[in-house]
Amino acid sequence: MALTGIRVIELAGLAPAPFCGMILADFGASVIRVDRTKVAMSLDNQARGKRSVALNLKTPEGVAILRKLCVRSDVVLEPYRKGVMEKLGLGPEKLLKENPHLIYARLTGYGQSGPYATVAGHDINYIAMSGLLSRLGRHKDKPYAPLNLVADFAGGGLTCAFGIVLALLERTRSGQGQIIDASMVEGAAYMGSFVWKSRAIGMWERGRGQNMLDGGAPFYDTYQTADGKHVAVGAIEPQFYQQLLRGLGLDTADLPPQMSFDHWPELKRVFEGCFATKTQAEWTDIFDGTDACVTPVLSFDQVSSHPHNKERGSFVTDCGEDESPRPAPVLSRTPADPCLARDPRIGQHTGEVLEEYGFKSEDIDNFVAAGVIERNVPVAKL
Ligand SMILES: C[C@H](CCC[C@@H](C)[C@H]1CC[C@H]2[C@@H]3[C@H](O)C[C@@H]4C[C@H](O)CC[C@]4(C)[C@H]3C[C@H](O)[C@]12C)C(=O)SCCNC(=O)CCNC(=O)[C@H](O)C(C)(C)COP(=O)(O)OP(=O)(O)OC[C@H]1O[C@@H](n2cnc3c(N)ncnc32)[C@H](O)[C@@H]1OP(=O)(O)O
């Protein structure tokens, strides 16, 4: 796999950093998640392929252990509020001095500087601060956050993983590590570059929910079908729009022009009426194989059995029968090979990892006795 041989230390966080760690693990990195001790249950549901070490960083021994892990690693990924790592004696200056090759990734909401740097927040706050939230939502409705996808995962976890891969690539030339300041506000804003830059061509001149790609246009929206399900319509280009009208049994001559903003509400009502006459499956039969850009809105239950996704193997099932998306993109020679074993328990690999990093077994036993680390070895079922 592309990242085989890369050693990553991920400090356990809420959602973005776990995703970042999972991407690296999916593509072959050895990812060790450092969990707190005395925790009953992991919050990490993106733990695929990771190992867990339970370490009490509020002890000097715990901090020393982490430093030793970092000396022999390529990447450390930290998801805490600005200043937390420095307070623990684990700041980047210190760790990079001990290991100049280390890539020190800091994944936060507001970044490492500025008046908000130390303030708590979540995805919705970050997309609000990026400007994007002001553009998301329906006409006459309040701004609406699309799950916690934009900042936490696209602008956060994925962008940070990209930064780590860039730094690893650059390190092959310079031999040096570096610090990555991954702010979810900036990551989300950057992901929104198209929106920013297409203002110049008037794409967002109208209010929220009244533009072509934000639910304003009748040819770029979802519609309810006769069985209460939905279809998605994305027929932007005139030649595809014509195919949409053909599938709906509508005649261009009876309708206002596609790009007449003032007629969009009226045209939407026409489309709503049409789509309400047949079920989702009936519309799928009509539009499948055409360029009308109409697809069923699939539920999580339907998605892996859709013939297209099924043929490509776009979803994987783990040993607990849980389905999830396979890693993307697909690399031809070195594709990801996601681990299908159960997620690690907190501290499941403490002993194994510390031994791998050169700790003696008697020292490990002493750390356990002193409450610096925890081991949680699963008991074999007979
Ligand atoms: C919208 C999303 C968040 C969605 C997350 C949900 C999926 C989960 C949220 C709640 C979960 C549920 C809940 O916990 C209840 C159940 C629990 C059960 O176990 C499981 C089921 C639950 C229902 C559970 C289910 C789900 O998991 C949830 C629903 C987001 O937007 S996430 C993005 C958040 N923002 C960031 O990540 C930006 C950067 N980080 C921060 O700004 C802050 O970390 C943050 C997130 C604001 C939290 O601040 P906090 O004050 O809590 O922490 P920090 O200031 O960062 O300091 C960390 C302290 O911890 C110490 N520490 C760290 N590691 C160790 C260690 N190994 N040993 C000892 N101590 C450690 C560290 O030293 C700091 O201590 P100090 O405070 O003394 O400095």
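Refer to the preceding data block for the structure.
Remember, predicted model here, so these are calculated numbers, not experimental data.

*Asks:* Give a description of the overall build of the protein that names residues and reports values.
*Replies:* Each helix and strand counted, the protein has 15 helices and twelve strands in total. Along the longest, intermediate and shortest principal axes, the C-alpha atoms of the protein span 85 × 55 × 40 Å. Considering only contacts in the protein between residues 6 or more positions apart, those separated by 24 or more positions represent 65%. Of the roughly 20,300 Å² of accessible surface on the protein, a fraction of 56% belongs to carbon and sulfur atoms. Between the mean site of the 41 positive side-chain charges and the mean site of the 45 negative ones, the protein shows a separation of 6 Å.

*Asks:* Quick rundown of the pattern of salt bridges? Include the residues and the values.
*Replies:* Scanning all chains against the criterion turns up 15 salt bridges. Between R7 and E356 there is a salt bridge; the shortest N-O distance is 3.8 Å. Note that R7 is positioned in strand 1 (residues 7-11) and E356 in helix 14 (residues 350-356), a separation of 349 residues in sequence. Given the relative accessible area of 34%, E356 is considered partly exposed. The salt bridge partner of D221 is K268, with a shortest N-O separation of 2.7 Å. Taken as a pair, D221 in strand 7 (residues 220-224) and K268 in helix 10 (residues 264-275) lie far apart in primary sequence, 47 residues in all. Given a relative accessible area of 13%, K268 falls into the buried group. Here the salt bridges share partners, and the residues they tie into one network are E10, R33, D35, D44 and K50.

*Asks:* For a positive patch on the surface, give the residues involved together with the corresponding values.
*Replies:* Residues R36, K58, R81 and K87 make up a contiguous surface patch of positive charge. Residue placement: K58 occurs in the loop between strand 3 (51-55) and helix 2 (60-71). Assessed through its relative accessible area of 74%, K58 is described here as exposed.

*Asks:* Any details on the pairing of strand 3? Residues and values, ideally.
*Replies:* Most of strand 3 is tucked away, with five of its five residues classed as buried. With burial as the criterion, each face of strand 3 is covered, one bearing R51, V53 and L55 and the other bearing S52 and A54. In this structure, strand 2 (residues 30-35) lies alongside strand 3, joined through four bridges in parallel fashion. By the bridge assignment, R33 is partnered in strand 3 with S52. Bridge count between strand 3 and strand 12 (residues 373-374): two bridges; the pairing is antiparallel. Considered in strand 12, the bridge of A54 is made with E374.

*Asks:* Let's hear about the site of the ligand: which residues, and what values?
*Replies:* Taken together, 27 residues surround the ligand, and among them R36, L55, R81, D123 and D152 come closest. At a separation of 3.4 Å, a nitrogen atom of the ligand approaches a polar backbone atom of G121. In terms of residue class, the shell around the ligand is made up of 14 nonpolar, six polar and seven charged.

*Asks:* Break down the sheet that holds strand 6 (residues 178-183) for me, with residues and values.
*Replies:* Taking strand neighbours across the sheet as the criterion, the seven strands line up as 6-5-4-1-2-3-12 in an open arrangement whose pairing is mixed. Edge positions in the sheet fall to strand 6 and strand 12, since each has one partner strand and no second. Bridging between strand 4 (residues 75-78) and strand 5 (residues 103-108) involves four bridges; their strand directions are parallel. In the sheet register, E78 faces strand 5, and the bridge partner there is R106.

*Asks:* Residues and numbers for the packing of aromatic side chains, please.
*Replies:* Here the structure, examined in full by the defined rule, presents twelve aromatic pairs. Consider the rings of Y110 and Y116, whose centres lie 5.2 Å apart with planes at 80 degrees: the pair is edge-to-face. A relative accessible area of 14% means that Y110 is categorised as buried. Its guanidinium or amino end placed over the ring of F359, K68 lies 4.3 Å from that ring's centre, counting from NZ or CZ.

*Asks:* Mind laying out unusual backbone geometry, listing which residues take part and the relevant values?
*Replies:* For the peptide bond that leads from A328 to P329, omega is 0 degrees, which places it in the cis range. Positionally, P329 belongs in the loop between strand 11 (323-325) and helix 14. Here L147, not a glycine, exhibits a phi torsion of approximately 50 degrees, which is positive. Tracing the chain through its elements places L147 in the loop between helix 5 (123-130) and helix 6 (149-174). Judged by its relative accessible area of 66%, L147 is exposed. Despite not being glycine, E321 shows a phi value in the positive range, around 65 degrees.

*Asks:* How would you sum up the environment of R342? Please name residues and give values.
*Replies:* For R342, the position within the fold is in the loop between strand 11 and helix 14. Counting along the chain gives 192 residues from R342 to V150, while the straight-line C-alpha distance between them is 28 Å.

*Asks:* Provide a residue-level description of the nonpolar core, including the pertinent values.
*Replies:* The biggest cluster of nonpolar side chains holds 35 residues, and the ones touching the most others in it are L24, C160 and I164. Broken down by secondary-structure element, the contributors of at least two residues to this core are helix 1 (16-26), strand 4, strand 5, helix 5, helix 6, strand 6 and helix 7 (184-191). Element by element, the count of residues in this core is highest for helix 6, at seven residues. Among residues more than four places away in sequence, those in contact with I164 are C20, L24, V75, I103, A105 and I180. Residues V63, L88, Y104 and F367 belong to the second largest nonpolar core, which totals 29 residues.

What counts and what doesn't
Per chain, residue numbering runs from 1 following the sequence as it is written. With pLDDT at 70 or above as the cut-off, local features in this predicted model cover only qualifying residues; side-chain atom pairs require 80 or more to be listed or tallied, and sums for whole chains, interfaces and linings still use all residues. Values reported for side chains reflect all heavy atoms of the structure, with hydrogen atoms and water molecules removed beforehand. Here a helix means four or more residues in a row that DSSP labels H or I, a strand means two or more in a row labelled E, and each is numbered from the N terminus. Here a residue-residue contact requires only that any non-hydrogen atoms of the pair lie within 4.5 Å. Each accessible area is a Shrake-Rupley estimate made with a 1.4 Å probe; only the visible protein chains count as cover when residues are assessed. By the counting scheme adopted, Arg and Lys are positive, Glu and Asp are negative, and His together with the chain ends is not counted. Charge placement uses NZ in Lys and CZ in Arg. For Asp and Glu, CG and CD serve respectively. Whenever a carboxyl oxygen of Asp or Glu lies within 4 Å of a side-chain nitrogen of Lys or Arg, that contact is scored as a salt bridge. For every residue, the accessible area obtained with a 1.4 Å probe (protein chains only) is divided by the maximum for its type, and the residue is called buried under 20%, exposed over 50%, and partly exposed between those limits. Patch definition: residues above 30% relative accessible area lacking any salt bridge, with like charges linked at up to 9 Å and the nonpolar side chains Val, Leu, Ile, Met, Phe, Trp and Tyr linked at up to 5 Å. Strand pairing is assigned whenever DSSP identifies at least 2 bridges connecting the two strands. It suffices for a single heavy atom of a residue to lie within 4 Å of a molecule or strand for the residue to be listed as near it. Each polar contact in these results corresponds to two N or O atoms within 3.5 Å; when the atoms are within protein, one needs to be able to donate a hydrogen and the other to accept it, and residues that are neighboring in sequence are counted only if both atoms are side-chain atoms. Lys, Arg, Asp and Glu make up the charged group, whereas Ala, Val, Leu, Ile, Met, Phe, Trp, Tyr, Cys and Pro make up the nonpolar group; the residues left over, Gly among them, are polar. Paired rings are identified among Phe, Tyr and Trp, the last through its six-membered ring, by centres lying within 6.5 Å, and are further divided according to the angle between planes into stacked (under 30 degrees), edge-to-face (over 60) and tilted (the rest). Each ring is checked for a lysine NZ or an arginine CZ that lies within 6 Å of its centre and within 35 degrees of its normal; such an atom marks a charge sitting over the ring. The set of buried Ala, Val, Leu, Ile, Met, Phe, Trp, Tyr and Cys residues whose side-chain atoms join them within 4.5 Å is what this entry labels a nonpolar core.

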